[in-house]
Structure formats: C-alpha cells, structure tokens
Amino acid sequence: MSDRSPASSSQMEPLLEIDDLHVGFRTAEGLVRAVDGVSLRVERGETLCIVGESGCGKSALAMSIPHLLPHPAATFDAKRMSLDGIDLLHLQGRPLREVRGKRIGVIFQEPMTSLSPLHRIGDQISEAILLHSGATRSQARDKALDWLGKVGMPDPRRVLDAWPHELSGGMQQRVMVAMALVHDPDLVIADEPTTALDVATQSQILALLRRLVKRDSGLLLITHDMGVVREMATRVAVMYAGQIVETAPASLFFAEQRHPYSRALLASLPSAATRGKRLPVIPGSVPSPLDWPTGCRFRNRCAQARPECVEPPPLHAEAERTWRCHQH
Ligand code: SF4
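These lines cover the structure that appears in this document, whether it is placed above or below.

Section: the overall build of the chain
Then comes step 1: A tally of regular secondary structure across the chain gives eleven helices and 13 strands.
Then comes step 2: For a compact globule of 328 residues, the expected C-alpha radius of gyration is about 20 Å, and the chain comes in at 20 Å, within 12% of that figure.
Then comes step 3: With the C-alpha coordinates aligned to their principal axes, the bounding extent of the chain is approximately 65 × 50 × 45 Å.
Then comes step 4: Long-range contacts, defined as pairs at least 24 residues apart, comprise 67% of the intrachain contacts of the chain with a sequence gap of at least 6.

This is the structure:
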C-alpha cells in the first residue's frame, strides 16, 4: 500500500478531471475505438492505478492526457479534460509543451525507446531542465547530477557522461524517472514503468516513485499487474475493452471486488493461500475493438453471465465505489 495518501480534498477541485473521453485510431478498416466514454478523477496526493489486461485501452487513455498519442493516426475527444482547472483538451503549441514538461511528467514502459541513443545521459536530463527553467547549462548539469543521486544511480558522475546503451534497463528507467520528476510535476503518468524490469529492479523503481513524487501531486499508474496495484494504489480503476468497469479506494477494492472481471484479475495474483496451487486464468482474451460484443463486453468470458448481459450493464454507485454490471 502506498505511503502517499490523498490530501483532504473533498471540497477541492480534483487535480485531474476527465469526463467522457473517447480515443480512436484511424486504420484501413476505419476508426478503431480504444477508449469509449471514460470518466475519472485524480486527487492531489492520490495514486490512481488503472489496471487491466493488454489491449483494454489503458495506455491510449493515459497518453491522451499529455497529447502523446501518435499523430495524425489517433483522435481523441471528451466533454472535459482538465488539470488543476487548465483545459487540457484544447491546449496546443507552447502552452501544451509547458504543461507537458512542467506540470505533467511521463514515464514510459520502455526507457530505451524514450531516451535518445545519440545523446549522453547528462545532456538529456539537462535538456529537460533547460526547456522549462531559466537555468544556465552549468546549473542544469549540476541539477542533473543531483537528480541522478536522488534516483539512486550508482556513480552518478560517471553516468552523467554515459550513453544510454551503457546502462542496464533498471538504470535507464531511473533516468526516465529523473527526467519526469525534475520539475516536480503536479501529475505523474507512469505507463507500465516496471513491466520490462526484473522483480528486484521493479520494486526499486516503485519505491522511487513512492519516495520522489511530491506528496501533493497525483500519480496515475498504468499496469496490468495486480501485485503493483496492491503495493501502490490509493484508488483503483479497472479497465476492460475501452471502459472503466469498476472504481474503488484500494482498501475497499482489495477487501471486495464488485465486478466479475476485477475478481478474476485478482484471483490470478499469487498469495499465501494459493501457494503450490495452479492459479485460475480468465478464459479467452480481450476482444478486439473491431469486435466488442454488444451489451457487456466481458460477457463471453464471464462465469456469471446471464441473459440480460446482452444489454449494456447499468453503472452502480455506492459510497466511494462504482461498478458496471448486471449483478448488484
Ligand atoms: S454484466 Fe453480466 S457478463 Fe458482464 S460482468 Fe456482469 S454478470 Fe458478467
């Protein structure tokens, strides 16, 4: 469980607010939907984990926020998308770059594809600093060195002059964490930041995020791994086939899941009770957006499916949780 806890924000505006987001990709078959009517909020001090299998639209959702979807293939629209009251939907040009670098930090799954192979590590971090501050080159280099220390880089002075290919995957991801956090952003988006790493390095990177993301910033963490959710989340949103099917504070979610997909995801997580036993797997796979079933999109894989599930399931809301299912 995260040591970051939400600010007492019941009367405050949410840090991030998204209402009815749709994301699609133009393909030879026409517009393929990836995100279909998603609404969510991230409060200051909160770690919201969006969890679901690959192909559920999590990354498309996350990358639409800082406008990092591939252009012109991707298209997105929403009734509202705002960060601390700033309209993100219609931002472009310099104001967009300012918000993206200073107020939103992004950490990607594959650091090697995000770091330029042609520039030394110190130059890349310095460049991120110079873009959004009045620092001199020498001040930026000092700050880059400082951040390499903060992210626990062994021998930071040597790494400052290293090329990306000289670093391990874990070290590269530490550089990405430094570059994302160097301006103390209000919102950090981490898209599967540990998926490409071994287990030991994974927990080091998660610990870094817990320690270095400002206490009053929001962390939006995308993962397919319920173990990461258990370790990090203050709130959970479960995504399936382009929609959010359940949201709940982490403590409520891990005590009881209301949506059959959430229960199935959690059942596949190893625990003391399942040691030595074969873990259940969810039958079938996430349907292609070209082939989303009518009604409940999970119904072809759901052990509790019933005749009415061919109709779109209602959205239930109770206390701080919501879920979308014909079961109440
Ligand atoms: S609506 Fe029906 S098919 Fe969908 S998750 Fe609920 S019970 Fe299962």
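A short note on the site of the ligand
Then comes step 1: In the region of the ligand, 14 residues are neighbours, and Cys296, Arg299, Cys302, Cys309 and Cys325 sit closest.
Then comes step 2: Class assignment for the residues of the shell around the ligand results in eight nonpolar, four polar and two charged.

Quick word on helix H5 (residues 137-150)
Given 3.6 residues per helical turn, the α-helix brings residues three or four places apart onto the same face.
Then comes step 1: The first and last C-alpha atoms of H5 sit 20 Å apart over 14 residues, in line with the 20 Å expected at 1.5 Å per residue.
Then comes step 2: Contact partners of the buried residues in H5: helix H4 (121-131), helix H6 (156-160) and helix H7 (169-181).
Then comes step 3: Of the residues one or two after H5, Gly152 is the one with positive phi, at around 75°.

Side note on the nonpolar core
Then comes step 1: Ranked by size, the top nonpolar core spans 89 residues in total, and within it Ile125, Ala178, Val236 and Val238 carry the most contacts.
Then comes step 2: Per-element tally for this core: the top contributor is H7, with eight residues.

Quick notes on the sheet that holds strand E11 (residues 243-249)
Then comes step 1: Spatially, the eight strands line up as an open sheet ordered E7-E8-E9-E3-E10-E11-E13-E12, and their pairing is mixed. Here the strands that pair on one side only, and so sit at the sheet edges, are strand E7 (104-107) and strand E12 (315-318). Adjacent strand axes in the sheet meet at a mean angle of 20° when their direction is disregarded.
Then comes step 2: With five bridges joining them, strand E8 (residues 187-191) and strand E9 (residues 218-223) adopt parallel strand pairing. Across the sheet, the residue bridging to Leu187 is Gly218, located in E9.

Some points on the environment of Leu252
Then comes step 1: Secondary-structure assignment places Leu252 in helix H10 (residues 250-255).
Then comes step 2: Along the sequence, Leu252 and Gly105 sit 147 residues apart, while their C-alpha atoms lie 29 Å from each other.
Then comes step 3: Leu252 has contacts with Glu320 and Arg321, leaving out every residue within four places of it along the chain.

Things to note about helix H8 (residues 199-212)
Then comes step 1: Over its 14 residues, H8 runs 20 Å from end to end, which matches the ideal 20 Å to within 8%, given 1.5 Å per residue.
Then comes step 2: Within the sequence span of H8, burial applies to Gln202, Ile205, Leu206 and Leu209. All buried residues of H8 fall inside an arc of 100° around its axis, so they share one side. Of the exposed residues in H8, those oriented more than 90 degrees away from the buried face are Ala200 and Arg211.
Then comes step 3: Along its buried surface, H8 packs onto H7, E8, E9 and helix H9 (226-232).

With respect to the environment of Leu68
Then comes step 1: Among the structural elements, Leu68 can be located in the loop between helix H1 (58-64) and strand E4 (74-77).
Then comes step 2: The sequence separation of Leu68 and Ala319 amounts to 251 residues, and the corresponding C-alpha distance is 34 Å.

Calculation criteria
Residues numbered from 1 in each chain as written. Predicted model: local features only at pLDDT ≥ 70, side-chain atom pairs only at ≥ 80, totals over all residues. Helix = DSSP H or I, 4+ residues; strand = E, 2+ residues; numbered from the N terminus. Rg over C-alpha atoms; globule rule 2.2 N^0.38 Å. Contact = placed C-beta atoms within 7 Å. Near = placed C-beta within 6 Å. Nonpolar A, V, L, I, M, F, W, Y, C, P; charged D, E, K, R; others polar. Expected span 1.5 Å × (residues − 1). Core = buried A, V, L, I, M, F, W, Y, C linked by C-beta atoms within 7 Å. Buried ≥ 20, exposed ≤ 12 C-beta atoms within 10 Å, placed from the backbone. Pairing = 2+ DSSP bridges. Axes fitted to C-alpha atoms, helices over the stretch in contact; angles between N-to-C directions. Arc of directions from axis to C-beta.

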